[in-house]
Amino acid sequence: MKEELYTIPVNEAIEQDGECLLCTLNKKLESDILNYILGPSYMEEDIRGETDKIGFCREHYRQMYAAQNRLGVALMIDTHLKNLRSDLKSLLDGDKTSSGRRRGLFKKSSEVPESAEYLHNIESSCYACNRMKLRMNSYIDTFFYLWKREQEFRGKVLNSKGFCISHLRMLIDEARKRLSDDKYAEFIKSVSEIQLKNLEELEKDIDWFIQKFDYRFKDEPWKNSKDALPRAILKLSGLEVDE
Ligand SMILES: [Zn+2]
Ligand SMILES: [Zn+2]
């Protein structure tokens, strides 16, 4: 079964006991994908074809540039630029002769010009993000596969710190689609318990972090508050900031 393929990474991620299991998986996934793209071995041709066509998003260009394999990035950008220029030329040529409006029986004249639509697609598509989204779907499948079948996994989830806001939303959505009414109610009950408990803990840690700015408490121990701010930011936004 497909889900079984991914039980190892999911089980490994839950062992890390982070603020969000799915963020932990996402981070590993992102670094694997970028290592592969920038690694010493050549990418398979069909993958290279895709990066040539759609390129990357702002965040992934930033990470690739920071990874210091400037030659690798330049080679990829070179072929992507060539593709972009040739596609754009033919679309803009088309727009020149049709006043930017699409021809065709059912097309409204107010429609977005093809060149703008193409640019919008380039702007909003990213090879790394696409790959991550696909794999994340398999991880969600695996999550529910294990949740339904393995008591041990369920126990680990119930002892975890819950999820970030965006992944909590994703799990609630998916649970509704995948579980029967009874099982869904049971899932929500369990998840709300861990999630609310974790948010309360986090709030306490942030409160103590704030107190520590008061000179009267400056010699008191940090308790769990030293990294409370990055943990809270991850919980709220999925963003990992350096401590
Ligand atoms: Zn998350
Ligand atoms: Zn991206």
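Residues numbered from 1 in each chain as written. Chains lettered and ligands numbered in written order. Predicted model: local features only at pLDDT ≥ 70, side-chain atom pairs only at ≥ 80, totals over all residues. Heavy atoms only, no water.

Peer 1: Would you explain the coordination of the zinc ion (ligand 2) in this entry?
Peer 2: In ideal tetrahedral geometry, four donors around a metal make angles of 109.5 degrees, whereas ideal octahedral geometry with six donors gives angles of 90 or 180 degrees. Binding of the zinc ion (ligand 2) to the protein goes through Cys57 (SG), His60 (ND1), Cys126 (SG) and Cys129 (SG), at separations of 2.0 to 2.3 Å. In this structure, the zinc ion (ligand 2) is surrounded by four donor atoms whose angles at the metal cover 103 to 113 degrees, and the resulting shape is tetrahedral. Positions of the donor residues of the zinc ion (ligand 2), expressed as sequence spacing, correspond to C-x2-H-x65-C-x2-C. Pair noted here: histidine 60 is in helix H5 (residues 58–66) and cysteine 129 is in helix H8 (residues 127–149), with a separation of 69 residues, a long-range link. By relative accessible area, histidine 60 is classed as buried at 2%. Taking relative accessible area as the criterion, cysteine 129 reaches 28% and is therefore assigned partly exposed. (Donors = N, O, S within 2.8 Å, 3.2 Å for Na, K, Ca; no water. Tetrahedral: all angles 85-135°; square planar, octahedral: opposite > 155°, others 65-115°. Helix = DSSP H or I, 4+ residues; strand = E, 2+ residues; numbered from the N terminus. Buried < 20%, exposed > 50% of the residue type's maximum accessible area, 1.4 Å probe, protein only.)

Peer 1: Could you clarify how one ought to interpret a negative patch on the surface in this entry?
Peer 2: There is a patch of like negative charges on the surface, built from Glu44, Glu45, Asp46 and Glu50. For glutamate 44, a relative accessible area of 49% translates into the label partly exposed. (Patch = residues over 30% accessible without salt bridge, like charges linked within 9 Å, V, L, I, M, F, W, Y side chains within 5 Å. Areas by Shrake-Rupley, 256 points an atom, 1.4 Å probe, with all protein chains shown as cover. Salt bridge = Lys/Arg side-chain N within 4 Å of Asp/Glu carboxyl O. Lys, Arg positive; Asp, Glu negative; His and termini not counted. Charge placed at Lys NZ, Arg CZ, Asp CG, Glu CD.)

Peer 1: Explain the side chain of serine 115 here, please?
Peer 2: Structurally, serine 115 can be placed in helix H7 (residues 114–124). Here serine 115 falls in the buried class, since its relative accessible area comes to 8%. For serine 115, the residues in contact, after removing those within four places along its chain, are Leu91, Leu92 and Asp95. (Contact = heavy atoms within 4.5 Å.)

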